[in-house]
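Here is how the chains run, residue by residue.
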Amino acid sequence: MRFIRKVFAIVAKDVAAELHTREILSAMLVFSLLALFVFSFALDLRGAMARAAAPGVLWATAAFAGILGLSRSLAREQQTGCIDGLLLAPVDRSAIFFGKALGNLIFMVVIEVALLPLFSALFDVPLLQPEVLAVTALGTVGYAAAGTLLAAIAVNTRAREVMLPVLLLPLAFPALIAAVQATGELLEGSTLADVGGWVRLLVVYDLLILAVSMLTFGYVVEE
Amino acid sequence: MIEAHGLIKSFGPRAALDGVDLTVERGECVTVVGPNGAGKTTLLRILATLTRPTSGTVRIGGLDPNRTGSEVRRLIGFLSHRTLLYEDMTAEQNLRFYARMYDLEDGPARVDELLGQVGLADRRHDLVRTFSRGMQQRLAVARALLHRPPLLLLDEPYTGLDPQASRSLTDLLTGLAGEGCTILLTTHDLDQGLAVGQRVVVLARGRVVYDERREAIGAEGFVEMYHRLTG
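Quick look at the structure, then. Everything numeric here is computed off the predicted structure, so don't read it as measured data. (Residues numbered from 1 in each chain as written. Chains lettered and ligands numbered in written order. Predicted model: local features only at pLDDT ≥ 70, side-chain atom pairs only at ≥ 80, totals over all residues.)

## Thoughts on the overall build of chain B
Part 1 of the reasoning: Looking only at helices and strands, one finds eight helices and nine strands in chain B.
Part 2 of the reasoning: If you line up chain B on its principal axes, its C-alpha atoms span 50 × 40 × 35 Å.
Part 3 of the reasoning: Out of the 231 residues in chain B, the part that is buried amounts to 44%.
Part 4 of the reasoning: For chain B, long-range pairs separated by at least 24 residues make up 69% of all intrachain contacts whose partners lie at least 6 apart in sequence. (Helix = DSSP H or I, 4+ residues; strand = E, 2+ residues; numbered from the N terminus. Buried ≥ 20, exposed ≤ 12 C-beta atoms within 10 Å, placed from the backbone. Contact = placed C-beta atoms within 7 Å.)

## Observations regarding the overall build of chain A
Part 1 of the reasoning: Tallying secondary structure elements over chain A gives eight helices and zero strands in all.
Part 2 of the reasoning: Listing every helix and strand of chain A by position from the N terminus yields α-α-α-α-α-α-α-α.
Part 3 of the reasoning: Radius of gyration (C-alpha) of chain A: 18 Å, near the 17 Å computed for a compact globule of 223 residues.
Part 4 of the reasoning: Along the first, second and third principal axes, the C-alpha atoms of chain A reach 55 × 35 × 30 Å.
Part 5 of the reasoning: Sorting the 223 residues of chain A into buried and exposed places 46% on the buried side.
Part 6 of the reasoning: Taking as baseline every contact in chain A between residues at least 6 positions apart, the subset at least 24 positions apart corresponds to 83%. (Rg over C-alpha atoms; globule rule 2.2 N^0.38 Å.)

## Quick notes on the sheet that holds strand β3 (residues 29-33) of chain B
Residues and elements named next belong to chain B.
Part 1 of the reasoning: On the basis of which strands lie adjacent, the open sheet formed by six strands has the order β5-β6-β7-β3-β8-β9 and mixed pairing. Among the strands making up the open sheet, the edge pair consists of β5 (76-80) and β9 (207-213). Neighbour-to-neighbour, the strand axes of the sheet open up by a mean angle of 15 degrees, direction not taken into account.
Part 2 of the reasoning: When strand β6 (residues 151-155) meets strand β7 (residues 182-187), the two strands line up parallel, connected through five bridges. Across the sheet, L154 pairs through a bridge with L185, a residue of β7.
Part 3 of the reasoning: Packing against the sheet, helix α1 (residues 40-47) makes contact with β3, β6, β7 and β8 (199-204), and its axis sits at approximately 150 degrees to β6.
Part 4 of the reasoning: Here helix α5 (residues 133-145) sits on the sheet in contact with β5 and β6, set at roughly 165 degrees to β5. (Pairing = 2+ DSSP bridges. Axes fitted to C-alpha atoms, helices over the stretch in contact; angles between N-to-C directions.)

## Notes on unusual backbone geometry
As a rule of thumb, non-glycine residues mostly have phi less than zero, and peptide bonds are mostly trans rather than cis.
Residue and element names in this part refer to chain B.
Part 1 of the reasoning: Not every positive phi belongs to a glycine, and L84 is a case in point at roughly 60 degrees.
Part 2 of the reasoning: Locating L84 in the fold gives a position in the loop between β5 and α3 (91-101).
Part 3 of the reasoning: Of note in this structure, E156 is not a glycine but carries a positive phi near 45 degrees.
Part 4 of the reasoning: Tracing the backbone shows E156 in the loop between β6 and α6 (163-178).

## Quick word on the sheet that holds strand β2 (residues 14-24) of chain B
Residue and element names in this part refer to chain B.
Part 1 of the reasoning: Spatially, the three strands line up as an open sheet ordered β2-β1-β4, and their pairing is antiparallel. Either end of the sheet is taken by a strand with one partner, and the two such strands are β2 and β4 (55-60). Taking the axes of each pair of neighbouring strands and ignoring which way they run, one obtains an average angle of 20 degrees across the sheet.
Part 2 of the reasoning: The pairing of strand β1 (residues 2-11) with β2 spans eight bridges and is classified as antiparallel. Residue pairing for β2: F11 is matched across the bridge by R14.
Part 3 of the reasoning: Relative to the sheet, α1 contacts β1, β2 and β4, its axis offset from that of β1 by approximately 120 degrees.

## Re the interface of chain B and chain A
Part 1 of the reasoning: Every contact between the two is made by 26 residues of chain B and, on the other side, 22 residues of chain A.
Part 2 of the reasoning: Going through the elements one at a time, α2 (69-75), β5 and α3 of chain B are the ones with two or more residues in the side of chain B that touches chain A.
Part 3 of the reasoning: The element contributing the most residues to the side of chain B that touches chain A is α3(B), with five residues.
Part 4 of the reasoning: Here the residues of the side of chain B that touches chain A sort into 13 nonpolar, five polar and eight charged. (Nonpolar A, V, L, I, M, F, W, Y, C, P; charged D, E, K, R; others polar.)

## Some details on the pairing of β1(B)
All names here are of chain B.
Part 1 of the reasoning: If you look at the hairpin formed by β1 and β2, you'll find two residues sitting between the two strands, and G12 has a positive phi there, around 65 degrees.
Part 2 of the reasoning: Where β1 lies against β4, five bridges are found, and the strand directions are antiparallel. For E3, the partnering residue across the bridge sits in β4 and is R59.

## Brief notes about the pairing of β5(B)
Part 1 of the reasoning: Where burial is concerned, most of β5(B) is hidden: five out of the five residues are buried.
Part 2 of the reasoning: With burial as the criterion, each face of β5(B) is covered, one bearing B:I76, B:F78 and B:S80 and the other bearing B:G77 and B:L79.

## Examining helix α7 (residues 160-187) of chain A
Part 1 of the reasoning: In α7(A), a bend of some 55 degrees at A:F173 exceeds every other bend along the element, and A:P174, a proline, comes one to four places later.
Part 2 of the reasoning: Positioned one or two residues after α7(A), A:G189 has a phi angle of 105 degrees, which is positive. (Bend = angle between axes of the 7 residues up to and from the residue.)

## Let's talk about the packing of helix α5 (residues 93-123) of chain A against helix α8 (residues 196-222) of chain A
When two helices pack together, their arrangement is given by the angle between their axes and by how far apart the axes lie.
All names here are of chain A.
Part 1 of the reasoning: Contact geometry of α5 with α8 gives a least axis separation of 8 Å together with a crossing angle of 100 degrees. The angle between α5 and α8 places the two elements in the roughly perpendicular class. On the side of α5, the interface is formed by R93, S94, I96 and F97, while α8 contributes S213, M214, F217, G218 and V221. (Parallel < 35°, antiparallel > 145°, perpendicular 65-115°, else oblique.)

## A look at the nonpolar core
Part 1 of the reasoning: Counting residues in each nonpolar core, the largest one holds 139 residues, and the members touching the most others are A:A179, A:L202, B:L47, B:L95, B:A142 and B:L153.
Part 2 of the reasoning: Counting residues per element, this core draws most heavily on helix α6 (residues 130-154) of chain A, which supplies 13 residues.
Part 3 of the reasoning: Ignoring anything within four residues of it in the chain, the contact list for B:L153 reads B:L44, B:L47, B:A48, B:I76, B:F78 and B:L184. (Core = buried A, V, L, I, M, F, W, Y, C linked by C-beta atoms within 7 Å.)

Okay, structure coming up:
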C-alpha cells in the first residue's frame, strides 16, 4: 500500500509541475499536430493507401512526440538535484520508476487522445475502435516504460537530447513494429483474434520491459 | 551515529576518497573542511546513501545502508548547495510531496510548522523558481528537516547565501545541535567551519589529515596548519 501511495505521489507531483508550466504537453502537442498536418497534406492519401500508411505515420508521430516528453520529464528531476531528493527518501527505487513511467504514460495518452480523432478525420481511417485503442494502449505502455528507463540513462550524458532517441528507438523497435502491424491489419478489417500474434508480442514486450526496468532503475539513477 | 571505515571511492584511475575513517558520536557537530576536490562531497554522498563506495564500510545509527537502505534514509536529513526542490512547484507543494515520500502522518501540519519556522508561510503558494537564492535555501532547510531526522548531512550549505542568510543558517544549526541533532557539515570556508563545528576534520586528497576538537584549536595556528596540510 505504501508503495502504491508513493507511486501516485510521484505521478501527482509530475502532473502538478506540468500544470504550472505546460512545457511537456505543449511541446508534444505542437510536434504531433505539425507532423500530422505535414503527413496529411504531403502524402494526400485516400482509401486503401491511407489505411496502409496510417499506422506507420501514427506511430512515428507518437514515438517522436513521446521522446520530447520523456526527455523533459527526467531533465526536470536533474535540474536542481531533485533526483537526489527522491533517492534520499525511504522509498523503493522501483516505486520511483513506476511513478515516473506512469506520469510519462499519462502525458503520452493525453496527446494520443487529442491525436487519434484528428488523425481519423484527416486520413479518413477508423482509428476510434476498441481493438485499435487496445493495441495503442499496449504499445504506449511499453514505449513509456522503455523510454523512462533510457531517459534516466540519457539524462546523465552530455548530449541527452541526441542520446535518448539513439537508445530508445532500437529498444522500442519490436513494440513499434508489432503496434504498426496490428493497427494496419485491424484497419483492413481483421479482428483482435486475427492479430493475436502481434498483441501477444506487445504484451510480452511490456511485461519484459517493466520487469527489467524495475530491476535496473536503481542502478541507473544511483551513479 | 556515523561509523565509516576504510572508505575508498574511485572514479576511473582517480581516487576521490583514499581510505577515510570517520566516527561521529550521537549529538556531535562535526565540520569537514578541505580544498576543492578533497573528497568532501563524495564522502557526504556515500554517507547519505547516494553513492556506493568502491570499498570500505559505513554504519549509520548502527545500520548497514546496503541492507537497510530505507531505514537508514529515514535517519538522514540532507542539505547541499543544490536545493533538491522542484522549481515548477510551489513551496507548499514541494514540502507536501516530500512529506508523502517520508510517510509523515502529520504531513500538512508539519509543512505549516516548517514554513512558519523558515519564514516562508506567506510565500507558500508561490513557485520556487520565483524565490531568491536565500529563500530557496531556507525552503531546502525545511525539506531536510521535514521528517525530523536525528542526523543532518550538510554539503556546502552556505554556498550562495548572503551574510544575513548565512547567520540565520548558523543560528538554526546551533539550535539543532543544542537539541541533540547530530550534524556533519562540509565547507571550504575555514571561519564558517570553526564557527559551527564542535570538532573539525580536515580532508585533503581523499584522506583525513587532521581531526581535533575545536577547544584544542587556536584560530591562527589552525589556518597556518590547514594550508600546510592541504598543500
